[in-house]
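Analysis of the macromolecular model
The chain contents come next:
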Amino acid sequence: SPVTNSDETGFRVGYKGHWLHVTCTENLTNYDVHTKRGKEAMDDIGILPNFEGISVHDHWKPYFKYDNARHSLCNAHHLRELVFIYEQYQQEWAVKMIDLLIEIKEKVDESRPNKDHLDPSKIKGFENKYDEIIEMGLRDNIPPPEKMPKKNKRGRVKQTPAKNLLDRLNNFKEETLRFMYDFRVPFDNNLGERDIRMMKLKQKVSGCFWTFEGAEEFCIIRSYISTARKNNCRVIKAIQDAFKGNPFMIQINMQNSN
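Residues numbered from 1 in each chain as written. Predicted model: local features only at pLDDT ≥ 70, side-chain atom pairs only at ≥ 80, totals over all residues. Heavy atoms only, no water.

Right, let's talk about the environment of Ile239 for a bit. For Ile239, the position within the fold is in helix α10 (residues 235-243). Taking the C-alpha atoms as reference points, Ile239 and Ala228, separated by 11 residues in sequence, lie 9.4 Å from one another. The contact partners of Ile239, leaving out residues within four places of it in the chain, are Tyr224 and Ile225. (Helix = DSSP H or I, 4+ residues; strand = E, 2+ residues; numbered from the N terminus. Contact = heavy atoms within 4.5 Å.)

Structure, rendered in structure tokens:
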């Protein structure tokens, strides 16, 4: 697939915390459970280490350790953080960035039926606006002067949430605006979040899994059901066919993900 969505969430097995990982597309879902959240888990799952397309996620840092893929960040997360920055700090740049991201999304949605990209002049105009807003935000959030660390204190001087978000939007401009450059890329990571929501509901009902093997088997079954549903296959029929030894299989067209 040229684009995948990924997400992860806490998952209880017995009395210990584990992590549920999902990697998905519009017609495929893979769930897996692991004791770890980061790169070790993703390596063991084995999808992202070999993926060479565009990986959509919420800026969890271990995803960036896979430089075989390009990355796209979830703008739904950015919008929520920008709303918080405006409400908490009354910084005008945050409202301007919200308006700009929504304006770009509306322009992409309007153009998608007839094009697979925006006109270069339009892209340049949006990029210039983006840079102007970042500059405005940086002027409003001058970092504190570096001081000698206190005794037994290490690390950088703590920044405000506004400055942290500005740095991310500034350093990851291409990843934030990836949906503008490539219409195959979604504006947000809602696909991954939707696929993981059912698993959270399951945990609310049952509390946890008693064994790791049970959690693994549940992930396999739900991966199969979710994939069948995405391809308009009746779930009950897909389950019946699996018991008959003729499970639902999706036909994959191998594409150049670059």
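Here the phi dihedral of Gln90 falls at roughly 50°; this positive angle occurs in a residue that is not glycine. Structurally, Gln90 can be placed in the loop between α2 (75-89) and α3 (92-111). When its relative accessible area of 53% is taken as the criterion, Gln90 is described as exposed. At Asn232, a residue that is not glycine, the phi angle is positive and equals roughly 60°. (Buried < 20%, exposed > 50% of the residue type's maximum accessible area, 1.4 Å probe, protein only.)

The next point concerns empty space enclosed by the protein. In total, this model carries 3 cavities of 30 Å³ or more according to the counting rule given. Within this model, the largest cavity holds a volume of roughly 60 Å³. Together, Asp7, His21, Val22, Thr23, Met42, Ile45, Ile47, Leu48 and Tyr63 line the largest cavity. Residue assignment for the lining of the largest cavity shows that the elements contributing at least two residues are β2 (16-24) and α1 (39-45). Broken down by element, the residue count for the lining of the largest cavity peaks at 3 residues, all from β2. Taken together, the residues of the lining of the largest cavity break down into 6 nonpolar, 2 polar and 1 charged. (1 Å grid on protein atoms, 1.4 Å probe; cavity = no way out; pocket = protein on both sides within 12 Å on 5 of 7 lines; lining within 4 Å. Points joined across faces, edges and corners; volume = space filled by probe spheres on them. Nonpolar A, V, L, I, M, F, W, Y, C, P; charged D, E, K, R; others polar.)

Residue placement: His34 occurs in strand β3 (residues 29-34). Note on His34: relative accessible area 12%, which makes it buried. Polar side-chain contacts of His34 include one of 2.9 Å to the backbone nitrogen of Lys36. Excluding residues that lie within four positions of it along the chain, His34 makes contacts with His18, Trp19, His21, Glu40, Ala41, Asp44 and Phe212. (Polar contact = N/O pair within 3.5 Å; in protein donor to acceptor, adjacent residues only side chain to side chain.)

Our next topic: the sheet that holds strand β1 (residues 3-13). Read from one edge of the open sheet, 5 strands run β3-β2-β1-β4-β5, paired in mixed fashion. In this open sheet, the two strands that pair with only one neighbour each are β3 and β5 (70-73). Here the average twist between neighbouring strands, direction ignored, is 25°. Contacting β1, β2 and β3, helix α9 (residues 212-230) runs over the sheet at an angle of about 165° to β3. (Pairing = 2+ DSSP bridges. Axes fitted to C-alpha atoms, helices over the stretch in contact; angles between N-to-C directions.)

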